[in-house]
Amino acid sequence: MLTAYDAMTARIFDESGVDMLLVGDSIGDNMLGHENTIPVTVDELIPAVRAVTRRVRRALVIADLPFGSYEASPEQAHATAVRMFKEGGAHAVKIEGGARVAPHVALMTGAGIPVFGHLGFTPQSENMLGGKRIQGRGDDAAERLAEDALALQEAGAVAVVLEMIPAPVAARVTEILRIPTIGIGAGIECDGQVLVWLDMAGMGDWSPRFARRFGEVGTALSQAAQSYVSAVQGREYPGPEHSYEQ
């Protein structure tokens, strides 16, 4: 799984064999200039979901439900998920939280909406967690995380994202669940892995510890832009081959 926020990257990732594309509220701090994901709205996310689903041919497209769009009640979650499906064309949705959102998951899955859970470090709860901190450390915390995962499964979730938790804890959760786990900073024993595509492709000066830079797209893009500027200023571009005759 990779994140995708537009048609071009969705097409490239889909053709590259990526199984799942997450149109995440991570669009906030990666594409919209916010400090975190909390300011992202449903109305901002739906056009990105629509762009991604229009260009994929094989990948499953999962849409995040942004902060404030599902927590109040199962009915609120269902209404937001319906918008993601009807207006965005999503194939599934993702929400953060464990047992407390199990009723939300049950209502959505009962209505035919596939739901991914999200446990561990949950970015929408960053202020309650005291920042970007590893979760699930210690026996009690690990047990609560496992209980939350089981609650999501019993509510009908089709998969669970595990973020920033110790690898042995993620391995244990993966072992006890019947549904797949998708890890991000959760070790190798998860059933799948997800990264924000900008981290994966080396688009920034900094990447989290759990991210591996599989390319340096940011450097290549910067070099291309500098070459363009130089060619225009030096009147090397456009050349005759880029111009039309009368």
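Here we summarise the structure given alongside this text. The shown structure was predicted, so the numbers you read here are calculated from the model rather than taken from an experiment. The numbers attached to residues start from 1 for each chain and follow its sequence in the written order. Selection of residues for local features in this predicted model requires a pLDDT of at least 70, selection of side-chain atom pairs for listing and counting requires 80 or more, and totals for whole chains, interfaces and linings are taken over all residues. The basis for the side-chain values is all heavy atoms of the structure; hydrogens and waters are excluded.

**A few points about the nonpolar core**
Note that soluble globular proteins tend to have their nonpolar side chains buried in a common cluster.
At step 1: Among the nonpolar cores identified, the biggest contains 59 residues, and Leu21, Met84, Met108 and Leu162 are the most heavily contacted of them.
At step 2: If near-sequence neighbours (up to four positions away) are discounted, Leu162 is found in contact with Leu119, Leu145, Ala170, Val173, Thr174, Thr181, Ile182, Gly183, Ile184, Ala186 and Cys190.
At step 3: Nine residue types can take part in a nonpolar core, namely buried Ala, Val, Leu, Ile, Met, Phe, Trp, Tyr and Cys, and a core is a set of them joined through side-chain atoms within 4.5 Å. Buried means the residue's accessible area, taken with a 1.4 Å probe over protein chains only, is under 20% of the maximum for its type, while exposed means over 50%, and partly exposed covers the values in between. The next biggest cluster of nonpolar side chains, apart from the first, holds eleven residues, and it includes Leu22, Ile62, Phe116 and Ile182. In this description, contact between two residues means that some pair of their heavy atoms is separated by no more than 4.5 Å.

**What about unusual backbone geometry?**
At step 1: Following Tyr237, the chain continues into Pro238 via a peptide bond in cis, with omega recorded as 0°.
At step 2: Along the chain, the position of Pro238 falls in the segment after helix H10 (217-233).
At step 3: Residue Met164 is not a glycine yet carries a positive backbone phi of 50°.
At step 4: Secondary structure elements are defined from DSSP: runs of H or I of at least 4 residues count as helices, runs of E of at least 2 residues count as strands, and each element is numbered from the N terminus. Inspection of the secondary structure puts Met164 in the loop between strand S6 (159-163) and helix H8 (167-176).
At step 5: Since its relative accessible area comes to 13%, Met164 is described here as buried.
At step 6: In the Ramachandran plot, Arg235 falls in the positive-phi region, its phi being about 55° despite a non-glycine side chain.
At step 7: Tracing the backbone shows Arg235 in the segment after H10.
At step 8: By relative accessible area, Arg235 is classed as exposed at 76%.

**Some remarks on the pairing of strand S7 (residues 181-184)**
At step 1: A two-sided burial pattern is seen for S7, the buried positions comprising Thr181 and Gly183 on one face and Ile182 and Ile184 on the other.
At step 2: Where S6 lies against S7, four bridges are found, and the strand directions are parallel. Within the sheet, the bridge partner assigned to Glu163 lies in S7 and is Ile184.
At step 3: Pairing between S7 and strand S8 (residues 192-193): two bridges, direction parallel. The residue of S8 that forms the bridge with Gly183 is Gln193. One requirement defines pairing of two strands: DSSP has to find at least two bridges between them.

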